[in-house]
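Reading the structure
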Amino acid sequence: MPAAHPAGEQSAVAPVAGETVAADTFAGRVHLEWEPAAPVTTMGQLAFFIDYLKQGGLFDGWARVARCI
């Protein structure tokens, strides 16, 4: 059976409770902390998505498409 992930890829990384992760947003840098016991969060992964859009210079294009929907 073929492997799902080719050799050399990083294995899954589990978040550690109490550890913070930084994300750059348009409002500045925010520090996020995982809550492992919470089934859902208010903003979910939104801060990481915003960081992705900002770092890639993709926000303006995404906002134009989002307004058209």
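Above this text is the structure in question.
Just so it is clear, the model here is predicted, and its values are computed rather than measured.

What counts and what doesn't
Residues numbered from 1 in each chain as written. Predicted model: local features only at pLDDT ≥ 70, side-chain atom pairs only at ≥ 80, totals over all residues. Heavy atoms only, no water. 1 Å grid on protein atoms, 1.4 Å probe; cavity = no way out; pocket = protein on both sides within 12 Å on 5 of 7 lines; lining within 4 Å. Points joined across faces, edges and corners; volume = space filled by probe spheres on them. Helix = DSSP H or I, 4+ residues; strand = E, 2+ residues; numbered from the N terminus. Nonpolar A, V, L, I, M, F, W, Y, C, P; charged D, E, K, R; others polar. Contact = heavy atoms within 4.5 Å. Phe/Tyr/Trp six-rings, centres within 6.5 Å; stacked < 30°, edge-to-face > 60°. Buried < 20%, exposed > 50% of the residue type's maximum accessible area, 1.4 Å probe, protein only. Pairing = 2+ DSSP bridges. Salt bridge = Lys/Arg side-chain N within 4 Å of Asp/Glu carboxyl O.

As a volume, the largest pocket reaches approximately 220 Å³. L32, E33, W34, E35, T41, M43, G44, Q45, A47 and F48 are the residues that line the largest pocket. When residues of the lining of the largest pocket are traced back to their parent elements, those giving at least two are strand 2 (28-33) and helix 1 (46-56). Of the residues assigned to the lining of the largest pocket, the class counts are 5 nonpolar, 3 polar and 2 charged.

The next subject is the environment of F59. The residue F59 is located in helix 2 (residues 59-68) in this model. For the pair formed by F59 and F26, sequence separation is 33 residues and the distance between their alpha carbons is 9.9 Å. Discounting chain neighbours no more than four positions away, the residues touching F59 are F26 and L53.

Counted according to the given criterion, the structure contains 4 aromatic pairs. Their ring planes at 50° and their centres at 4.9 Å tell us that F26 and F59 sit as a pair that is tilted. A residue pair is termed long-range when its members are at least 10 positions apart, and F26 in the loop between strand 1 (20-25) and strand 2 and F59 in helix 2 qualify at 33 residues. Pairing F49 with Y52 gives two aromatic rings, centres 6.3 Å apart and planes at 25°, and the pair type is stacked. Placement of both F49 and Y52 in helix 1 is noted, with a separation of 3 residues, approximately one turn of the helix.

Burial within strand 2 is sparse, with just 0 of its 6 residues counted as buried. The sheet contact formed by strand 1 and strand 2 spans 6 bridges and is antiparallel. Bridging across to strand 2, A22 finds its partner in H31. Counted between consecutive antiparallel strands, the loop separating strand 1 from strand 2 contains 2 residues.

Another aspect to go through is the pattern of salt bridges. As enumerated under the stated definition, the model contains 1 salt bridge in all. We note a salt bridge from R29 to D24, for which the minimum N-O separation is 3.0 Å.

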